[in-house]
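Residues per chain are reported as follows:
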Amino acid sequence: MKIEGEKIKRYALLLAAKDSEYVKKVYGGYFNVFVEAFGEELGEKWDLFRVVDGEFPDMDELINYEGFVVSGSPFDAYGNEHWILKLCLLLQTLYLMQKKVLGICFGHQVLCRALGGKVGKANNGWDIGLRKLSIVKDFSTHIFLSDLELEIPPALSIIECHQDEVWEVPKGAEIVAISEKTNVEMFTMGDHILGIQGHPEYTKDILYNLIDRLLSSGSIESGFAEDAKYKLYKAEPDRKCLERICKKFLKREFINGKI
């Protein structure tokens, strides 16, 4: 819905995974999951580009977007599939344009790769379930969080599902959060790049289903799967705070680094 007298703000989801049957049935697709978490405000429009299928925004249309979100994926962020290399080029372009880019899981990793960092297999293997993040940098120093009404605690719980990780952040990037499992859980570059290894957009039922699919495919063992489900059952992710961080990042306006 458009607010009279205001310009529609456009955002794009760069979807790097195919919709699972469960997510299609329950949510209508991952696009709806992301818009539910980060969108739903008057005066904005979200577009979907299935980059995993080679669908990318036109280069001359990039200027019209306020921000971009790169999703998770079963693919390796360090892979050399054509669409991944094309995505890296797009992310480099968006960085030079100072467009807001939020990377989630695979998106966090491929964003790091595109900007000169290093990614690879996780040294500690799969991380699936609820993970406690330690905030190691004062988030409030970032322009996009300077008026955040919700105070950010020193630790946040987030849903995780990955076996790759960021080994080294790009030059000029700052590590914002770490965990006992992963050295780079969140990183920023200025006020227009934000990478998050976990899934602030995931609901617990999405992860339960994903665990079942990984178990069925032989990717994880039954004991590991049951342990992850049990820990997820006993605790809750800090979705409200994480969603607010992502929304503020994407939607706080600044020009040439200034509000």
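Above: the structure in question.
Residues numbered from 1 in each chain as written. Predicted model: local features only at pLDDT ≥ 70, side-chain atom pairs only at ≥ 80, totals over all residues. Heavy atoms only, no water.

## Notes on the layout of surface pockets
Considering only enclosed or pocket space, the largest pocket measures out at about 530 Å³ in volume. Lining the largest pocket are 28 residues, with Ser73, Pro74, Phe75, Cys161 and Leu210 positioned closest to its centre. Put simply, the parts of the chain that give the lining of the largest pocket at least two residues each are α2 (30–38), α4 (106–114), β7 (155–162) and α5 (204–216). For the lining of the largest pocket, the element with the highest residue contribution is α5, accounting for 4 residues. Tallied by class, residues from the lining of the largest pocket come to 14 nonpolar, 8 polar and 6 charged. (1 Å grid on protein atoms, 1.4 Å probe; cavity = no way out; pocket = protein on both sides within 12 Å on 5 of 7 lines; lining within 4 Å. Points joined across faces, edges and corners; volume = space filled by probe spheres on them. Helix = DSSP H or I, 4+ residues; strand = E, 2+ residues; numbered from the N terminus. Nonpolar A, V, L, I, M, F, W, Y, C, P; charged D, E, K, R; others polar.)

## Let's talk about the pattern of salt bridges
Enumeration over the complete set of coordinates arrives at 15 salt bridges. A salt bridge links Glu180 to Arg131; its shortest N-O distance comes to 3.1 Å. A residue pair is termed long-range when its members are at least 10 positions apart, and Glu180 in the loop between β9 (174–178) and β10 (186–189) and Arg131 in strand β6 (residues 127–135) qualify at 49 residues. Residue classification places Glu180 among the exposed residues on the basis of a relative accessible area of 74%. Linking Lys231 and Asp227 is a salt bridge whose minimum nitrogen-to-oxygen distance equals 3.3 Å. Of this pair, Lys231 and Asp227 are both found in helix α6 (residues 222–234), 4 residues apart, which corresponds to roughly one turn of the helix. Members of the salt-bridge network, linked through shared partners, are Arg10, Lys45, Asp47 and Glu61. (Salt bridge = Lys/Arg side-chain N within 4 Å of Asp/Glu carboxyl O. Buried < 20%, exposed > 50% of the residue type's maximum accessible area, 1.4 Å probe, protein only.)

## Notes on the pairing of β9
For β6 and β9, the ladder comprises 2 bridges, and the chain directions are antiparallel. When the bridges of β9 are listed, Ser134 appears paired with Ile178. Sheet analysis places β9 next to β10, joined by 3 bridges and oriented antiparallel. Counted as the bridge partner of Ile175 is Phe187 from β10. (Pairing = 2+ DSSP bridges.)

## Quick notes on the packing of aromatic side chains
Throughout the structure, instances matching the rule amount to 6 aromatic pairs. Note on Phe75 and Trp83: the rings are 5.3 Å apart at their centroids and 90° apart in plane angle, and the pair reads as edge-to-face. The class of Trp83 is buried, set by a relative accessible area of 9%. Their ring planes at 35° and their centres at 5.8 Å tell us that Trp83 and Phe106 sit as a pair that is tilted. With a gap of 23 residues between them, Trp83 in helix α3 (residues 82–96) and Phe106 in helix α4 connect regions that are remote in the sequence. Across the pair, Phe106 and Trp83 agree in class, each one buried. Taken together through their ring pairs, the aromatic side chains of Phe49, Tyr65 and Phe68 make up a single cluster. (Phe/Tyr/Trp six-rings, centres within 6.5 Å; stacked < 30°, edge-to-face > 60°.)

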